[in-house]
Amino acid sequence: MAARIVVDPITRIEGHLRIEAALDERGTITQAYSSGTAFRGIELIMKGRDPRDLATFTQRICGVCTYQHYERSTEAVERAYGIRIPPNARLVRNLLWSAQVIHDHVVHFYHLHGVDWFDIVSALSASPAKAVQVAKQYHANPYNASESHYALVIQRLSKFVQSGQLGPFAGAYWGHPAYKLSPEENLIMASHYLDALAVQRVMSQMEAIFGAKTPHPQSLIVGGVTSVRDALSAERIGQYLFMLKQAQDFIDRAYLPDLVMMGTRYKDEALRGDGDGLKNYMSVGGLPLDEEEWENRRFLFPKGLILNRDLSKVLPIDPMKITEEIAHSWYTYEGDQVALHPFEGQTNPQYTGLEADGKLKVEGKYSWLKSPRYDGIAVEVGPLARFIVGYAAGSEPIKKLMDGYTARIGVPFKFWYSTLGRTVARGLETKLLADFVPTLVNDLVANVSKGDERFFTPYMPKDGDGFSLSEVPRGSLSHWVRIRNGQIENFQAVVPSTWNASPKDSKGQVGAYEAALTGQKLADPKKPLEILRTIHSFDPCLACAVHLLDPKGQEIAHLKITV
């Protein structure tokens, strides 16, 4: 019988995720199982509420992408009401969307995923002088690169080690054979890890300029935005652009050079196909360029579907072909149905437990995540999927970035079908978006200069069905609301990590996580760095907790699942 290892919890993510993997005698993963181990019940909380309150609640689904849920629910209700927001409102929303994505990608790479690629302990033996020369190989004017600064970084890290309290660096697999950077390259990455702690604060402040605060901004309403005075203020717009320049500086002189350095050292793993996963990619479109309905809307990040990596065909997406299955999920559907469209979606928990030895019942139900499928097909979503779709659709900015990167490190296109390709695509997307944001600001200023000060569309509430589909940091997000008698009759959210982290469906099709892990060889099964590296490349975001309250605000029950 194949050995099975359990990694629970997967750390440096949002929420609770467990990975089990069956290994053959060579240490190669023959089958992987992804299990979301925390129940999310916010769909139940929303029933019976005023639709205009939906977004205030749903942005609490997540502690990271709060704005993304906020906007999706707002737009879903607008579609149900038949509202088309003014251009100025769209532009302000786009500025909020962009700030959140840029912030999220930088934090993910350096503070959640980076230590899968660089060794903190190795950095302690680096030569600061040599590190400066190495940094200049990847950028003519590298970010914060000097002997004195690198010496201070070593001193700062050494205090962690000498104290015995490694803080965020504790429990890692330092010295693992899968690490390939030199001590000096590790020092550069560690330095940028610390630099990013300060830079990400600035990126977060960008969102607060038009969102009032972050996380959980509060400037969106059904019909438009409320941050009108900020959008009309030259000072506030100037602050946003000033902070953007700081973000761009870090992206250009730290983030992108680090990705080139990583690609140079780890390209063999990418070309071997480590973490390649599913061959199907979906993007529902990200950052709208007009106010048309979703079906006719233009996006900076194109929408479309790629099947079996056939880049000659970008297939259209029909939202009515999205379903969620529960064949291997801890839920039940009325009438023993296995798959439902989100408009008809149900959230009926049915936990069936674990095996006697504490492992997942992989032949039965083993996850709190459902299994979203498009027309019955499992797809990968996220930055790599957006770039694959965009490349095939002929997006010049995307093609330039992807081709430029592979030419720089000397690899063919298949490099992208890997864990490393997924990681690099996120960084290139950060660059593309940061460079595009000034266009949004210019459009807003031009509109206002012409006398257009509309930020809200008046409306009358009515019953109907509404949805909103958009790309967000981790992939395709959609909210679906059904309004009857002025109240929410049903609400469902199909989130990126549900697409990627889904368990098997009724046909036995695995999700993106499970597919990406299958076939990977572990250098040391007791230290499964390769599993963490691949899973983190998707930037998992599972909701961390849900409390169900009665109308008086009292806790109904406290549930604890023991393993």
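Definitions and limits used
Residues numbered from 1 in each chain as written. Predicted model: local features only at pLDDT ≥ 70, side-chain atom pairs only at ≥ 80, totals over all residues. Heavy atoms only, no water. Helix = DSSP H or I, 4+ residues; strand = E, 2+ residues; numbered from the N terminus. Buried < 20%, exposed > 50% of the residue type's maximum accessible area, 1.4 Å probe, protein only. Contact = heavy atoms within 4.5 Å. Pairing = 2+ DSSP bridges. Axes fitted to C-alpha atoms, helices over the stretch in contact; angles between N-to-C directions. 1 Å grid on protein atoms, 1.4 Å probe; cavity = no way out; pocket = protein on both sides within 12 Å on 5 of 7 lines; lining within 4 Å. Points joined across faces, edges and corners; volume = space filled by probe spheres on them. Nonpolar A, V, L, I, M, F, W, Y, C, P; charged D, E, K, R; others polar. Core = buried A, V, L, I, M, F, W, Y, C linked by side-chain atoms within 4.5 Å.

Engineer: Could you give an account of the side chain of Glu185, with specific residues and numbers?
Structural biologist: Residue position: Glu185 is located in helix H8 (residues 183-211). Residue class for Glu185 comes out buried when judged on its relative accessible area of 1%. The residues touching Glu185, leaving out its near neighbours within four places in the chain, are Val134, Tyr138, Met261 and Arg265.

Engineer: For the sheet that holds strand E1 (residues 3-7), give the residues involved together with the corresponding values.
Structural biologist: Within the open sheet, the three strands sit side by side as E1-E2-E3. Their pairing is antiparallel. With partners counted over all chains shown, the strands left at the sheet margins are E1 and strand E3 (29-36), one partner each. Pairs of neighbouring strands in the sheet enclose a mean axial angle of 15°, with direction left out of account. The sheet contact formed by E1 and strand E2 (residues 17-23) spans five bridges and is antiparallel. Bridge assignment links Val6 to a residue of E2, and that residue is Glu20. Lying on the sheet, helix H16 (residues 529-536) is in contact with E1, E2 and E3; it crosses E2 at an angle near 130°.

Engineer: Can you break down the layout of surface pockets residue by residue, with the values?
Structural biologist: As a volume, the second largest pocket reaches approximately 380 Å³. For the second largest pocket, the lining is made up of 24 residues, of which Glu269, Arg272, Asp274, Lys521 and Glu530 are closest to its centre. Class assignment of the residues belonging to the lining of the second largest pocket gives a composition of eight nonpolar, eight polar and eight charged.

Engineer: Before we move on, could you go through the nonpolar core and cite the residues and values that matter?
Structural biologist: Of all hydrophobic cores here, the largest spans 125 residues; its most connected members are Phe210, Tyr240, Tyr405, Phe415, Trp416 and Leu444. Ranked by residues supplied to this core, first place goes to helix H10 (residues 234-272) with 16 residues. Ignoring anything within four residues of it in the chain, the contact list for Phe210 reads Val92, Leu95, Leu96, Ser219, Ser227, Asp230, Ala231, Ile237 and Tyr240. With 26 residues, the next largest nonpolar core counts Leu369, Val510, Leu522 and Leu532 among its residues.

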